[in-house]
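So you can see what is in the structure, the chains are spelled out below.
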Amino acid sequence: MRNAELEAELEDLSSAEDFFHFFDIETEPRVVFVNRLHILQRFHDYLEIDMAGPQGGESWWDYYTRNLRRAYDDFVGSDAANREGLQGLPTTRRESPPSCRSKTC
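Residues numbered from 1 in each chain as written. Predicted model: local features only at pLDDT ≥ 70, side-chain atom pairs only at ≥ 80, totals over all residues. Heavy atoms only, no water.

Asker: It is not clear to me how the nonpolar core should be interpreted in this structure. Could you clarify?
Answerer: In globular proteins that are soluble, nonpolar side chains generally tend to be buried together. In terms of nonpolar packing, the biggest core is built from 20 residues, with F19, F20, F23, I39, F43, Y64 and L68 touching the most fellow members. For this core, the secondary-structure elements that each account for two or more residues are helix 1 (4–10), helix 2 (16–22), helix 3 (29–49) and helix 4 (60–73). Looking at this core, the element that brings in the most residues is helix 3, giving 6 residues. Beyond its immediate stretch of four places on either side in the chain, F23 contacts L10, W61, Y64, T65 and L68. (Core = buried A, V, L, I, M, F, W, Y, C linked by side-chain atoms within 4.5 Å. Buried < 20%, exposed > 50% of the residue type's maximum accessible area, 1.4 Å probe, protein only. Helix = DSSP H or I, 4+ residues; strand = E, 2+ residues; numbered from the N terminus. Contact = heavy atoms within 4.5 Å.)

Here's what the structure looks like:
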């Protein structure tokens, strides 16, 4: 279950900054700059996991805001090098090409 009217408005947003501005969420620009795609993917993942929609009188606006803030918070204090914010959800593991399996690659 989703809110079609709100999702139609989201289709017009093109950047992570647009999403945070739309939902009036304050962010650290450095966190968003480094993790923008991961944050938006995590937001999408949380919406897919939480298909029940708003909880106990929560509005759709608050539901989406909660999930976007949760996705952003996953990356606060992490960095792209250690990928702490990327842990926790299932990922697909790719095997390295045969020529790159050694530590000299």
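Structure shown, so let's carry the discussion forward.
Asker: How should the side chain of D50 be read in this particular structure?
Answerer: The topology assignment puts D50 in the loop between helix 3 and helix 4. Apart from the residues within four sequence positions on either side, D50 is in contact with Q55, Y63, R66 and N67.

Asker: Explanation requested: the pattern of salt bridges in the structure shown.
Answerer: Where charged atoms from two side chains of opposite charge approach closely, those side chains can pair. Using the criterion set out here, one finds 5 salt bridges in the structure. Note that D74 and R42 form a salt bridge whose closest N and O atoms lie 2.7 Å from each other. Of this pair, D74 sits in the segment after helix 4 while R42 sits in helix 3, and the two are 32 residues apart along the sequence. Among the ionic pairs, R66 bridges to D50, the shortest N-O distance being 3.3 Å. Residue R66 is found in helix 4, and its partner D50 is found in the loop between helix 3 and helix 4; the two are separated by 16 residues along the sequence. Overall, the relative accessible area of 31% leaves R66 in the partly exposed class. (Salt bridge = Lys/Arg side-chain N within 4 Å of Asp/Glu carboxyl O.)

Asker: Explanation requested: unusual backbone geometry in the structure shown.
Answerer: Glycine aside, residues mostly have negative phi, and peptide bonds are mostly found in the trans state. The phi dihedral of D24 is positive, around 55 degrees, even though this residue is not glycine. Tracing the chain through its elements places D24 in the loop between helix 2 and helix 3. On the accessibility criterion, D24 (64% relative accessible area) is exposed.

Asker: I tried to follow the packing of aromatic side chains on my own but got confused; where do I start?
Answerer: For any pair of aromatic rings, geometry is given as the distance between the ring centres together with the angle between the planes. All told, the structure shown has 10 aromatic pairs when counted by the stated rule. Aromatic side chains F23 and W61 sit 4.9 Å apart centroid to centroid with 50 degrees between the ring planes, which places their arrangement in the tilted category. In this pair, F23 sits in the loop between helix 2 and helix 3 while W61 sits in helix 4, placing the two residues 38 residues apart along the sequence. Pairing W60 with Y64 gives two aromatic rings, centres 6.1 Å apart and planes at 40 degrees, and the pair type is tilted. Residue W60 and its partner Y64 are both found in helix 4; the two are separated by 4 residues, about one turn of the helix. Through pairs of rings, three or more aromatic residues link up here, namely F19, F22, F23, F43, W60, W61, Y63 and Y64. (Phe/Tyr/Trp six-rings, centres within 6.5 Å; stacked < 30°, edge-to-face > 60°.)

Asker: Explanation requested: the environment of F33 in the structure shown.
Answerer: Tracing the backbone shows F33 in helix 3. Taking the relative accessible area as the measure of exposure, F33 reaches 62% and is therefore exposed. With 16 residues separating them along the chain, F33 and E17 place their C-alpha atoms 8.9 Å apart.

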